[in-house]
Amino acid sequence: MDVILRVLGLLSALVVEGARCQGVYAPPSVRIIHSGHACNVDEERHTERVYTIREGETLELTCLVTGHPRPQIRWTKTAGSVSDRFQDSSVFNETLHIAKILRTQGGRYYCKAENGLGSPAIKSIRVDVYYLDDPIVTVHQSIGEAKEQFYYERTVFLRCVANSNPPVRYSWHRGREVLTQGSDKGVEIYEPFFTQGETKILKLKNLRPQDYANYSCIASVRNVCGIPDRSVIFRLTNKTASPSIKLLVEDPIVVNPGQTVSLVCITTGGEPPPLLTWVTANDSLPQRSQVKGGTLTLPAISSEEAGVYSCVASNNVGNPAKKSTTIVVRSLKKGRFWITPDPYHNDDNIQIGREVKISCQVEATPPEELTFSWLKNGRALRSSERMVITQTDPDISPGTTNLDIIDLKFTDFGTYTCVAALKGGGIPEISIDVNISSTTVPPNLTVPRGKSPLVVREGDTVELECLVSGKPKPILLWSRSDKEAPMPDGNMQMETYDGVLRIVNVTREMTGSYRCQTSQYNGFNVKPREAEVELIVQYPPTVEPVFTEMRQGLGRPVVMTCRVLRAHPSRVLRFEWLLSNRLLHAGAFDAHKDETEYTIRNLNRDGWGEYTCNVINEAGAGRCTFQVTGKAYAPEFYYDTYSPVWQNRPRVYGFKLQWTQMNPNAVDRIVAYRLGIRQMGLQRWWEQEIPVDGPINKGELMTHNLTELIKPESYEVRLTPITRFGEGDSTIRIVTYSAPINPHLREFHCSFEDEPICMFTQDKNDDFDWTRHSAATRDTKYTPNTGPSGDRSGSKQGTLNALLKQKGQTAPDSPVWSLSGNQGDRWKQAKVSIHPVSSFQVVIEGVRGPGIEGDIAIDDVTLEEGECRDPPPNLSSMALTSSSHIWLLCVAAVMTLLHGQR
């Protein structure tokens, strides 16, 4: 006969060494929790979760995921678009951390988790950033003529604006007086209805003496997120006026490079006194610029710093005043010339008795300062009836001068020099020499023999060449002639002066036709001459896979395939298979196939290693690499372990390590795991082997108990599978001690003083129940000694058992503590240490003998973390009674108390 009383315990996690269970692979699930400085998290009134935070605070969102293998996590600000990732956060971490969040960083944040099983799990939360800027008051005045035309009416509008989220509310004060609509006949307040909710305008009609006062605008978001009200004061006087300024500089300012330029701006009116600032067209001043008051100084100015500079004056009354000036930095560059034979006879040659025009062009800043002069054989040339000099020509490009030689004579042959200068001086002149002689002939363009087509290999340096005959030699323009594509430098055209186009590190994309043509510049202004050069870039076969790892067990076949994707020339000549530079097989490539294959029929230890396949054409070899190995894949730690931390003594804790094996059947059977563990911050590793009995199935959950971990240290754990090949890939995780999350459930104590007897319940399947009683044994006359006279194994024995029943078990385990026989009539204490792995029940079972001397009583049952405490001095050291003898029972729950339940 037995009596059973049960107590519902608390959660922990520790299992029997080496336990294994099946099928833990699961698709991901995800939820978002928040920490950091939230003002509010509204999840009831909205269909979406809204996280409110104050600007400048720290945003921290954590993505809690489940699923095995452990899902990969990515944070985005859209539902997964790569283009909208943000740079101020750890995109691929579980925790999104943004310190000092800005208003522009509000929006919808998505956490996406995927592990290859099922669809990715996605959750989102909207982050609303609250802020309130200091308000700004601007004043606008209007003067209108009254009907009687005897006086002018002056009206002032005060406009208050503050950027905020949520929308701001405004209030006006005059001195200490609160202004409201209707409180003063001379005051009108425009409500947000009239100003689209952005501003609040105070209108002072026909100013009165009392209207000249201090006005304050108070902007408020009603203390949302603890944001205090902000205010601004404006003093209105009879002198209040919009700003006016004057620039003490010319416009434009023309200077030489290297010169120091100072721009001076002064205020000529405005109350309050205006604030002066300098801006440029792109709103940023040069880095070396210096601003002091209204003076802007640009030391050693360069051409890049030329442009429009503006002085802006603002005092929030009326519109800002703005004055601008342009700085022009002198420069002369890129001088060119061209020769035009007699334009009236369509000649391409220079002939005696005909007209010849020499044109000269330069780029000048400022163009109006540009001057030209002409020399013949070093002597100044003046314009005459036969030598006509034109400084500028409206029909041609600016910055051009022409010298027309009419009725060319033999004495006109010589060197003509065009000299360009700027009137302001300080800039070196540009001189261009043009030779006119009987040998001056138009260009002719050819491609040298053997220079087209050009066949080169990818990565080489190639020179495309076009020969130009004639005098003078013009600039050559190179471009692609077979397609609209840029040249190697990224431009559509490239210039060369010697007819040679040099391309370094040529690529296969550069294959094609290239056009060279004469330019009018530095040569004859005639119809361009053209030629083409064909470039053929050969490259070795492009193959796949470039590298792949093939894991296989001993005795199994391995098939390796190397595939040709493209090559030039397309005809592949041969292939060769090697193992660690040892030739295995070679031959001619089958022209009807695009791949070659090598098979290991029965993999042995000598077959492990790096295999390469070289596929060869005239340009070289493409290489496929195969790493054949028996190395086991890495284990995958199971992170969804329920309540993984447990404690067995005050200073140490344990951890149930759980994992599955990635692709366990891909290689030979895993015979053991090498476990390495080290305390964080230390160098030394402790290692041991965990034997594995029998094959491991895909998705099978394996466990191992880590003990003697020191509180509250964290540990790095490394797990490596071992096969006949040797060690496989390792996996590392960090084990961190966590204190109980339900401190109030740390300890359970029951003294059976109340009728509900704490959390204990009677077993419904026992023979009779425990009775809550405070008296002695009912009949001490017949049971003076209570205990049986037989030995411990006899049927007359009476026994008290403490058992542990865990979640999922249909019956308790064998007793964790047991005591039989006569124990006397004094209270005694028992201490029992338990190591539950999940939700559990403590079962107290009383088994009585057949006689009447089999009474058992218990009292003061305590369930606590760590070790049982010592009993009071007046109590002996056991807690179990038999017969009329009473026992106290202390159960020390060696665990971390998580997820307590009744």
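Thresholds applied
- Position numbers for residues count from 1 along each chain, tracking the sequence in the order it is written.
- Local features are withheld for residues below a pLDDT of 70 in this predicted model, meaning they are given only at 70 or higher, and side-chain atom pairs are given and counted only at 80 or more; totals for whole chains, interfaces and linings count all residues.
- Side-chain figures throughout are based on the complete set of non-hydrogen atoms in the structure, without hydrogens or water.
- Strands here mean DSSP runs of E at least two residues long; helices mean DSSP runs of H or I at least four residues long; both are numbered from the N terminus.
- Burial here depends on accessible area, computed with a 1.4 Å probe over protein chains only, as a share of the maximum for the residue type. Under 20% is buried, over 50% is exposed, and the range in between is partly exposed.
- Contacts are assigned to residue pairs with any non-hydrogen atoms lying within 4.5 Å of each other.
- Where accessible areas are quoted, they stem from the Shrake-Rupley method and a 1.4 Å probe; at the residue level, only the protein chains shown are allowed to cover.
- At least two bridges found by DSSP between two strands are what make those strands a pair.
- Two aromatic rings from Phe, Tyr or Trp, using only the six-membered ring of Trp, form a pair when their centres are within 6.5 Å; if the ring planes differ by under 30 degrees the pair is stacked, by over 60 it is edge-to-face, and anything between is tilted.
- A positively charged side chain is recorded as over a ring if its NZ (Lys) or CZ (Arg) lies within 6 Å of the ring centre. The angle to the ring normal must also be within 35 degrees.
- Between N or O atoms, a polar contact is any pair within 3.5 Å; within protein, one atom must be a potential hydrogen donor and the other a potential acceptor, and residues adjacent in sequence are included only when both atoms are from side chains.
- Any cysteine sulfur atom paired with another within 2.5 Å is treated as part of a disulfide.
- For the purposes of this section, nonpolar cores are sets of buried Ala, Val, Leu, Ile, Met, Phe, Trp, Tyr and Cys residues that join through side-chain atoms within 4.5 Å.
- What makes a salt bridge here is a side-chain nitrogen of Lys or Arg within 4 Å of a carboxyl oxygen of Asp or Glu, nothing more.
- Each axis is a line fitted through C-alpha atoms, and for a helix only the stretch in contact is used; angles between axes span 0 to 180 degrees, taken between their N-to-C directions.
- Note that patches include only residues with greater than 30% relative accessible area and no salt bridge, and the join distances are 9 Å for like charges and 5 Å for nonpolar side chains (Val, Leu, Ile, Met, Phe, Trp, Tyr).

1. Description of the overall build of the chain
Argument step 1. A tally of helices and strands in the chain yields zero helices and 70 strands.
Argument step 2. Each of the 902 residues in the chain was classed as buried or not, and the buried ones make up 45%.
Argument step 3. Excluding contacts between residues fewer than 6 apart, the proportion of contacts in the chain whose partners are at least 24 apart in sequence is 69%.
Argument step 4. Carbon and sulfur atoms make up 48% of the accessible area of the chain, which totals about 47,300 Å².

2. Here's the deal with unusual backbone geometry
Argument step 1. With omega at 0°, the peptide bond leading from Asp 251 into Pro 252 counts as cis.
Argument step 2. Mapped onto the fold, Pro 252 is located in the loop between strand S20 (241-247) and strand S21 (253-255).
Argument step 3. With an omega of 0°, the peptide bond running from His 568 to Pro 569 counts as cis.
Argument step 4. The topology assignment puts Pro 569 in the loop between strand S47 (558-568) and strand S48 (574-579).
Argument step 5. Residue Cys 225 is not a glycine yet carries a positive backbone phi of 60°.
Argument step 6. Assignment of secondary structure puts Cys 225 in the loop between strand S18 (214-220) and strand S19 (230-235).
Argument step 7. In this structure Cys 225 comes out as buried when scored by relative accessible area, which is 16%.

3. Digging into the pairing of strand S57 (residues 686-691)
One face of the sheet, then the other: side chains in a regular strand alternate in exactly this way.
Argument step 1. Examined bridge by bridge, strand S56 (residues 672-679) and S57 share six bridges and lie antiparallel to one another. Within the sheet, the bridge partner assigned to Gly 676 lies in S57 and is Glu 687.

4. Details of the packing of aromatic side chains
Argument step 1. A complete count under the given rule lists nine aromatic pairs for this structure.
Argument step 2. Through successive ring pairs, a cluster of aromatic residues spans Trp 577, Tyr 598, Tyr 611 and Phe 626.
Argument step 3. Sitting over the ring of Tyr 131, Arg 103 keeps its end group 3.7 Å from the ring centre.
Argument step 4. Between Arg 718 and the ring centre of Trp 685, over which it is positioned, the NZ or CZ distance is 3.9 Å.

5. Some thoughts on the side chain of Thr 799
Argument step 1. Structurally, Thr 799 is set in strand S64 (residues 799-806).
Argument step 2. Its relative accessible area of 13% is what places Thr 799 among the buried residues.
Argument step 3. There is a polar contact of 2.8 Å between the side chain of Thr 799 and the side chain of Ser 820.

6. What about the environment of Met 680?
Argument step 1. As for its position among the elements, Met 680 is in the loop between S56 and S57.
Argument step 2. Along the backbone, Met 680 and Tyr 715 are 35 residues apart, and their C-alpha atoms lie at a distance of 5.2 Å.

7. A closer look at the state of the cysteines
Argument step 1. Following the criterion strictly, the structure yields seven disulfides and no others.
Argument step 2. With a sulfur-sulfur separation of 2.2 Å, Cys 360 is cross-linked through a disulfide to Cys 418. Judged by the sign of its S-S torsion, about -80°, the cystine formed by Cys 360 and Cys 418 is left-handed. Placement of Cys 360 in strand S29 (residues 356-365) and of Cys 418 in strand S34 (residues 414-422) is noted, with a sequence separation of 58 residues between them.

8. Description of the environment of Pro 71
Argument step 1. Relative to the helices and strands, Pro 71 is located in the loop between strand S6 (59-68) and strand S7 (72-76).
Argument step 2. We classify Pro 71 as buried; its relative accessible area is 6%.
Argument step 3. Those residues within four positions of Pro 71 in sequence are excluded, and the remaining contacts are Pro 28, Val 65, Thr 66, Ala 113, Glu 114 and Asn 115.

9. Remarks on the nonpolar core
Argument step 1. Trp 374, Leu 403 and Tyr 416 are the most contacted members of the largest nonpolar core, which has 30 residues in total.
Argument step 2. When residues of this core are traced back to their parent elements, those giving at least two are strand S28 (331-340), S29, strand S30 (370-376), strand S32 (387-390), strand S33 (400-405), S34 and strand S35 (430-436).
Argument step 3. Residue contributions to this core peak at five residues, all from S29.
Argument step 4. The next biggest cluster of nonpolar side chains, apart from the first, holds 27 residues, and it includes Ile 189, Cys 217, Cys 225 and Leu 236.

10. Comments concerning the pattern of salt bridges
Argument step 1. In the structure shown here, the tally under the stated rule is 32 salt bridges.
Argument step 2. Between Arg 70 and Glu 94 there is a salt bridge, with the nearest N and O atoms lying 2.1 Å from each other. Taken together, the residues span a long stretch of sequence, with Arg 70 in the loop between S6 and S7 and Glu 94 in the loop between S7 and strand S8 (95-98) at a distance of 24 residues.
Argument step 3. Classification of Arg 70 as partly exposed rests on a relative accessible area of 28%.

11. Concerning the environment of Tyr 673
Argument step 1. With respect to the helices, strands and loops of the structure, Tyr 673 is situated in strand S56.
Argument step 2. The spacing of Tyr 673 and Val 692 is 19 residues in sequence and 7.5 Å in space, taken between C-alpha atoms.
Argument step 3. Within the structure, the side chain of Tyr 673 is placed 2.7 Å from the side chain of Gln 661, a separation counted as a polar contact.

12. Side note on the sheet that holds S20
Argument step 1. Reading across the sheet, the four strands line up as S20-S22-S25-S24 and stay open at both edges, with antiparallel pairing between neighbours. Where the open sheet ends on each side, the last strands, each with one partner, are S20 and strand S24 (290-292). Neighbour to neighbour, the strand axes of the sheet diverge by 20° on average, direction disregarded.
Argument step 2. Judged from the four bridges that link them, strand S22 (residues 261-271) and strand S25 (residues 295-298) form a sheet pairing that is antiparallel. Its bridge partner being in S25, Val 264 is matched across the sheet by Thr 295.

13. Points about a nonpolar patch on the surface
Argument step 1. On the surface, Met 680, Ile 732 and Ile 734 cluster together to form a nonpolar patch covering roughly 250 Å² of accessible area.
Argument step 2. Considering the arrangement of structural elements, one finds Ile 734 in strand S61 (residues 731-735).

Honestly, that's just the spatial picture; any functional story needs more than this.
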